[in-house]
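For reference, the chains in residue letters:
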Amino acid sequence: MNILTKTQGVVPFTAKKLLSALAMSACLMTVSVAAADGAGRYDNLSKQLAIMNNIFTSSLQAQNDEKLRGTKVDSIYLAGQGVVFTVNSVNSFMWRQGFNFVMPDIVAPVAPVPSASAESDFKYFSNDENIVIQIESAQEEHEQHQDHYRDLRDQQRDLAHQLRDLERESKDLAYQYSNVDKEEKTALKSEQKKLERQKVALTKNQKALAKRSKQFQVQQQKQQVQRQKQRSEQFALLTSSLVETLCTYGNSLKALPRNEHVSLLFKSAGDKTARSGYKDQIYVFNKKDIAACANDSITSSKLSSKAIHYQF
């Protein structure tokens, strides 16, 4: 009786352990299946993003517009948030200051050092001969402006030094004039008149140089206004082109959850900051709005207006 009781006591304990092991195994299998499904979804989305990158690039090239050439599009997926397409666009005004719509200042006496990102961007775009020519031409133009500006500054500085020297000589002559005889006074007076003529000539040159400097700055300001206009036109055209492409082909991102977003991040396309950098411009779209645009329920313009747009 005691043996039977002990035997019966062991059976429930063993069954409990077996059930626990089976439950744990089932749980692990569930986790493994979920992980496999997640990995598969990420792989599919990665392929779809690569295709979408190519679609963006091809659609811009197909328009055959100089403002759209050399645009680089990269993408990344943020789980639970959505897809971010980062747009880098060549602005041919000065590659040393970076692409991404960045323009040089009106006057830049010291050439900026190219950053690592600018160097890598230059290598990326170097397969397009026309873009390389534009970049090199813009770089040469900018360096010529720098040289001209430095030359004006050097001339102004030299004239200022010469005028100060003449002032000192005039004061010395005036002091000597009160302490010499009549014959020496005549010589000093003649020397003083010579100095005055030199001073008049230098002052005239200084005014002419100041006028040239002012004209140079006005010219630079006009160019800056024109470049800003071109920059704005380039951004508007690029934005509308990419949004239209997103409207047409955005449904190809089938692996992206419906409640997540698609963002377009335009590098350095925003306003200039106090640190001489530029803010990024960002558009955030709901996937459902993209689907509506793809189904012709809304236009690409409406899709753009429905997006969250800000600078950061």
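Cut-offs used in this document
Residues numbered from 1 in each chain as written. Predicted model: local features only at pLDDT ≥ 70, side-chain atom pairs only at ≥ 80, totals over all residues. Heavy atoms only, no water. Helix = DSSP H or I, 4+ residues; strand = E, 2+ residues; numbered from the N terminus. Buried < 20%, exposed > 50% of the residue type's maximum accessible area, 1.4 Å probe, protein only. Contact = heavy atoms within 4.5 Å. Areas by Shrake-Rupley, 256 points an atom, 1.4 Å probe, with all protein chains shown as cover. Disulfide = S-S within 2.5 Å. Pairing = 2+ DSSP bridges. pLDDT = per-residue confidence, 0-100. Patch = residues over 30% accessible without salt bridge, like charges linked within 9 Å, V, L, I, M, F, W, Y side chains within 5 Å. Salt bridge = Lys/Arg side-chain N within 4 Å of Asp/Glu carboxyl O. Lys, Arg positive; Asp, Glu negative; His and termini not counted. Charge placed at Lys NZ, Arg CZ, Asp CG, Glu CD. Phe/Tyr/Trp six-rings, centres within 6.5 Å; stacked < 30°, edge-to-face > 60°.

A. Structural view of the overall build of the protein. Looking only at helices and strands, the protein has six helices and five strands in total. Of the regular secondary structure in the protein, the N- to C-terminal order runs α-β-β-α-α-α-β-β-α-α-β. For the protein, the residues scored as buried account for 34% of the 312 residues in total. Counting contacts in the protein only where the partners sit at least 6 residues apart, residues at least 24 apart contribute 67% of the total. If you sum the accessible surface of the protein, you get close to 19,400 Å²; carbon and sulfur atoms cover 54% of it.

B. Representation of the environment of A292 within the structure. Along the polypeptide, A292 turns up in helix α5 (residues 287–294). Residues A292 and C247, 45 residues apart in the sequence, show an inter-C-alpha distance of 8.4 Å.

C. Structural detail: the state of the cysteines. What the rule picks out here adds up to one disulfide. Across a sulfur-sulfur distance of 1.8 Å, C247 and C293 are joined as a disulfide pair. Across the S-S bond linking C247 and C293, the dihedral sits near -95°, which makes this disulfide left-handed. In this pair, C247 sits in helix α4 (residues 182–249) while C293 sits in helix α5, placing the two residues 46 residues apart along the sequence. The two residues C247 and C293 agree in class, both being buried.

D. The environment of I282, seen in detail. Relative to the helices and strands, I282 resides in strand β4 (residues 281–286). Residue classification places I282 among the buried residues on the basis of a relative accessible area of 8%.

E. Structural view of the pairing of strand β3 (residues 261–266). Judged by how many residues are buried, β3 sits mostly within the fold: five of six residues are covered. Inspection of the sheet shows β3 paired to β4 by six bridges, in the antiparallel sense. By the bridge assignment for β4, F266 is matched with Q281.

F. Summary view of the confidence of the model for the protein. Of all residues in the protein, 69% have pLDDT values of 70 or greater, and the mean over the chain is 76. Here residues 30–36 is modelled with pLDDT under 50, and outside its nearest four sequence neighbours on either side it reaches zero contacts, counting other chains as well.

G. Just the pairing of β4, in detail. In terms of residue burial, β4 counts as a mostly covered element, since five of its six residues are buried. Relative to strand β5 (residues 308–311), β4 runs antiparallel, the two being bridged by four bridges. When the sheet's bridge partners are listed, Y283 is paired in β5 with H309.

H. Representation of a positive patch on the surface. Together, K189, K193, K194 and R197 give the surface a local cluster of positive charge. Checked against the element boundaries, K193 lands in helix α4.

I. Representation of the packing of aromatic side chains within the structure. In this structure the tally under the stated criterion is five aromatic pairs. Geometrically, the ring pair formed by F266 and Y283 is edge-to-face, given 6.1 Å between the ring centres and 80° between the ring planes. One end of the pair, F266, is in strand β3; the other, Y283, is in strand β4, and 17 residues separate them in sequence. Owing to a relative accessible area of 0%, F266 belongs among the buried residues under this scheme. Every member of this aromatic cluster is reached through a ring pair, and the members are F235, F266, Y283 and F285.

J. Inspection of α5 at higher detail. Across the eight residues that make up α5, a large majority, six, are buried. Taken residue by residue, α5 has K287, D289, I290, A291, A292 and C293 as its buried positions. As for α5, its buried residues are in contact with α4, β3, β4 and α6 (300–306). Count one or two residues on from α5 and you reach D296, which has phi positive near 65°.

K. Structural detail: unusual backbone geometry. Here the phi dihedral of N64 falls at roughly 55°; this positive angle occurs in a residue that is not glycine. Tracing the backbone through its elements, the reader meets N64 in the loop between α1 (2–62) and β1 (72–78). The exposure class of N64 is exposed, given its relative accessible area of 66%. The backbone of D296 sits at a positive phi, close to 65°, despite the residue not being glycine. Here D296 is to be found in the loop between α5 and α6.

L. Layout of the side chain of Q48. Positionally, Q48 belongs in helix α1. When neighbours within four sequence positions are excluded, Q48 is seen to be in contact with S252, L253, K254 and A255.

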